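Each chain, written out:
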Amino acid sequence: MNIISAISEYAIPAKVGIRKQCNAKDTFYKLPFTASLVILLFFFPNIAFAHNVSIFAWEEGDTVYTQSKFSGGKRVKGGTIIVTDPNNNVLLEGKTDDGGLFSFIRPGSGLLKIKLDAGLGHANYWELPALEADVITDSNIELPETINATENKTLTVITPDIQKEIDIAVEKALDKRLKPIMQTLADNQQQGPDLRDILGGLGYILGLMGMAAYFKYRKQNNIIK
Amino acid sequence: MHISEGILSGPVLISGMAIAAAGTAIGLKKLRNEDIAKTGMLAASFFVASLIHIPIGPAGVHLILSGIVGLLLGWAAFPAILVALTLQATFFQHGGITTLGVNTVIMALPAVVCHYLFAPLIWKNKTISAIGAFGAGSIAIVLNAVIAGLALIYTDEGLFKAAALIMGAHLPVMIIEGIISIFCVAFLKKVQPALLPGFKSINN
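Conventions and cut-offs
Residues numbered from 1 in each chain as written. Chains lettered and ligands numbered in written order. Predicted model: local features only at pLDDT ≥ 70, side-chain atom pairs only at ≥ 80, totals over all residues. Heavy atoms only, no water. Pairing = 2+ DSSP bridges. Helix = DSSP H or I, 4+ residues; strand = E, 2+ residues; numbered from the N terminus. Axes fitted to C-alpha atoms, helices over the stretch in contact; angles between N-to-C directions. Patch = residues over 30% accessible without salt bridge, like charges linked within 9 Å, V, L, I, M, F, W, Y side chains within 5 Å. Areas by Shrake-Rupley, 256 points an atom, 1.4 Å probe, with all protein chains shown as cover. Salt bridge = Lys/Arg side-chain N within 4 Å of Asp/Glu carboxyl O. Buried < 20%, exposed > 50% of the residue type's maximum accessible area, 1.4 Å probe, protein only. Core = buried A, V, L, I, M, F, W, Y, C linked by side-chain atoms within 4.5 Å. Contact = heavy atoms within 4.5 Å. Parallel < 35°, antiparallel > 145°, perpendicular 65-115°, else oblique. Left-handed = near helix turned anticlockwise from the far one by under 90°. Nonpolar A, V, L, I, M, F, W, Y, C, P; charged D, E, K, R; others polar. Phe/Tyr/Trp six-rings, centres within 6.5 Å; stacked < 30°, edge-to-face > 60°.

Asks: Could you give an account of the sheet that holds strand 6 (residues 112-119) of chain A, naming the residues involved and the relevant values?
Replies: Residues and elements named next belong to chain A. Strands sit in the order 4-3-6-7 across an open sheet of four strands; the sheet is antiparallel. What marks the edges here is a single partner per strand, and that holds for strand 4 (90-95) and strand 7 (122-128). Adjacent strand axes in the sheet meet at a mean angle of 20°, parallel and antiparallel pairs treated alike.

Take a look at the structure:
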C-alpha cells in the first residue's frame with residue numbers, strides 16, 4: 001500500500017481533476033484505504049514494531065540468565081544460544097524454552113559472548129563482562145550457624161572468615177533485590193522504534209529526494225545552457 | 001526477511017554488495033526527473049511498511065511491499081529499497097549495515113522482476129489488471145524467499161529448508177500484499193494513473 005500517496009490523495013482532495021471524478025465509486029475505493037490506515041496507525045501502535053531479535057543476559061550468583069525475544073515482545077522459542085569466550089571458542093550451547101529463557105552456570109570468570117540464533121537470518125548477541133577478581137562466585141558455601149559463630153569471635157576483629165560470610169550474605173541479598181529489576185530491564189530492552197525514529201527516517205528520505213531532484217535538474221539546466 | 005549481521009560469510013556479503021551496487025547504478029541511471037518524487041514516496045512506504053507487524057506464525061512477520069514498489073518503480077526500486085533498508089538498519093536495528101547489500105538484493109531484485117512480469121498487465125481489463133497486481137504483490141514475496149534461501153545456503157538450514165521455512169512464514173504476507181496491490185493499483189488508476197507504469201496520457 002502506498003501509504004504516503006494514499007494519505008496525500010485523501011487529505012488533499014482539492015485537485016480539480018480528481019474532484020471532477022469524485023463519485024460513489026471513488027468513495028468505495030477510498031474507504032478501505034482510510035479504514036486500514038486508521039486501524040494500522042491508531043489502533044495497533046503497539047504491534048507496529050520492526051522485526052528483529054534481541055537477547056539480554058544477567059547474572060545471579062554463579063548462574064547466567066538470558067532472555068531472547070523478537071521486537072514486539074514475542075519470545076524466541078527454541079532459538080539456539082551459543083556461549084563463547086572473546087576468542088570465539090564455543091564454551092556451551094543450548095536452546096531457549098517457550099518463554100525465550102535459557103540459563104547456565106557461568107563457565108569461568110572471563111568475558112562471555114552470548115550469541116542468539118533465532119533462525120532464518122535473525123541473530124544477535126550480548127556481551128557479559130568479566131567478573132571482577134574480588135567478587136565471590138561460589139555461592140555453594142554454606143552459611144555457618146551464625147549465633148555460635150559470632151559468639152566465639154570478637155566483633156572488633158573481622159577475620160577473613162567473617163568477611164567471606166558477610167560477602168556471601170550481601171551477594172545473596174543483592175541478588176534477591178536485583179532480580180525484579182533485572183527482569184524489568186530484560187523486558188524493557190529493545191522496545192522497538194518510536195515515532196521519532198520513524199519521522200527521522202521519513203525526513204531523510206525527503207532530504208535525499210530533494211538532493212536527487214537538485215542534481216538531476218541542475219544537469220538538465222546545464223544541458224539547456 | 002532482513003538478514004542480521006554475523007550470519008553470512010564474507011563472499012556472500014561481498015557478492016550481495018556488488019549486485020546491489022550494480023542494480024542501484026542502473027536504477028539511478030534510468031531514473032527520470034519526474035520519477036524522483038514517486039521513488040521517494042515508495043521508499044518512504046517501504047521504510048514504514050516493515051513496522052506493520054502481522055502476528056501470525058512462530059516469529060511473526062511484517063509487510064514488505066517489494067512487489068508494489070517494483071511494480072511502480074522498475075529499476076528505481078533498487079535505490080529506493082537501498083535507502084529504506086539503510087534507514088531501517090540504523091533507526092530500527094532491523095537487518096544490518098554489513099548485510100545491506102544482500103538484503104537489498106533479496107528485496108529489490110524480485111521487485112524488478114515483478115515489474116517486467118506484471119506491469120504489462122496493468123492496463124488490460126479489470127480482471128487481468130487485478131490478477132497482475134495480485135501476482136506482483138505475492139510473487140515478489142516468493143522470489144524474496146528464494147533469494148534469501150540462496151543467501152542462507154551456507155548456514156545450518158541450507159537452501160531448500162531456509163527457503164521453505166521463509167515461504168511458509170510469509171504465506172499470510174503473500175496473500176495480504178497481493179490484496180494490497182490490487183487495491184493500490186485500482187486506487188491509483190482512479191485518482192493518479194500517471195503513477196502507474198506504462199501510462200499514456202491523452203495529451204501525448
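Next, the rest of the story.
Asks: Please provide a residue-by-residue account of a nonpolar patch on the surface, values included.
Replies: All names here are of chain A. A surface patch of nonpolar side chains, about 580 Å² in accessible area, is lined by Ile158, Ile166, Val170, Leu174, Leu178, Ile181 and Leu185. One can find Leu174 in helix 5 (residues 160-188). Judged by its relative accessible area of 43%, Leu174 is partly exposed.

Asks: I'd like a rundown of the nonpolar core, residues and numbers included.
Replies: With 74 residues, the main nonpolar core has Leu8, Phe46, Leu71, Ile81, Val102 and Ile106 of chain B as its most contacted residues. Looking at which element gives the most residues to this core, the answer is helix 5 (residues 100-118) of chain B, with 10 residues. Filtering out sequence-adjacent residues up to four positions away, Leu71 of chain B remains in contact with Ala111, Cys114, His115, Phe118, Ala119, Ile122, Ala136, Val185 and Pro197 of chain B. Grouped together as the second largest cluster of nonpolar side chains are 14 residues, Val53, Ala57, Phe70 and Phe104 of chain A included.

Asks: Run through the packing of helix 1 (residues 10-30) of chain B against helix 5 of chain B, naming residues and quoting values.
Replies: The axes of two packed helices give the description: the angle between them and the distance between them. All names here are of chain B. One way to put it is that helix 1 packs onto helix 5 with a least axis distance of 8 Å and a crossing angle of 45°. When the axis of helix 1 is compared with that of helix 5, the two are oblique. The handedness of the crossing between helix 1 and helix 5 is left-handed. Taken together, the residues of helix 5 that come into contact with helix 1 (itself represented by Val12, Leu13, Gly16, Met17, Ile19, Ala20 and Lys30) are Gly101, Val102, Thr104, Val105 and Tyr116. Tallied by class, the residues present in the contact of helix 1 with helix 5 amount to eight nonpolar, three polar and one charged.

Asks: So what about the packing of aromatic side chains? Which residues, and what values?
Replies: On inspection of all chains with the given rule, the structure shows eight aromatic pairs over all chains. Geometrically, the ring pair formed by Tyr204 of chain A and Phe91 of chain B is tilted, given 5.9 Å between the ring centres and 55° between the ring planes. Of the two residues, Tyr204 of chain A sits in helix 6 (residues 195-224) while Phe91 of chain B sits in helix 4 (residues 77-92), which places them in two different chains. With a centroid separation of 5.0 Å and an interplanar angle of 25°, the aromatic rings of Phe47 of chain B and Phe92 of chain B are classed as stacked. Here Phe92 of chain B lies in helix 4 and Phe47 of chain B lies in helix 2 (residues 36-49), a separation of 45 residues in the sequence. Members of the aromatic cluster, joined through ring pairs, are Phe56, Trp58, Tyr65 and Trp126 of chain A.

In short, the description is geometric, and any link to function would need to be established separately.
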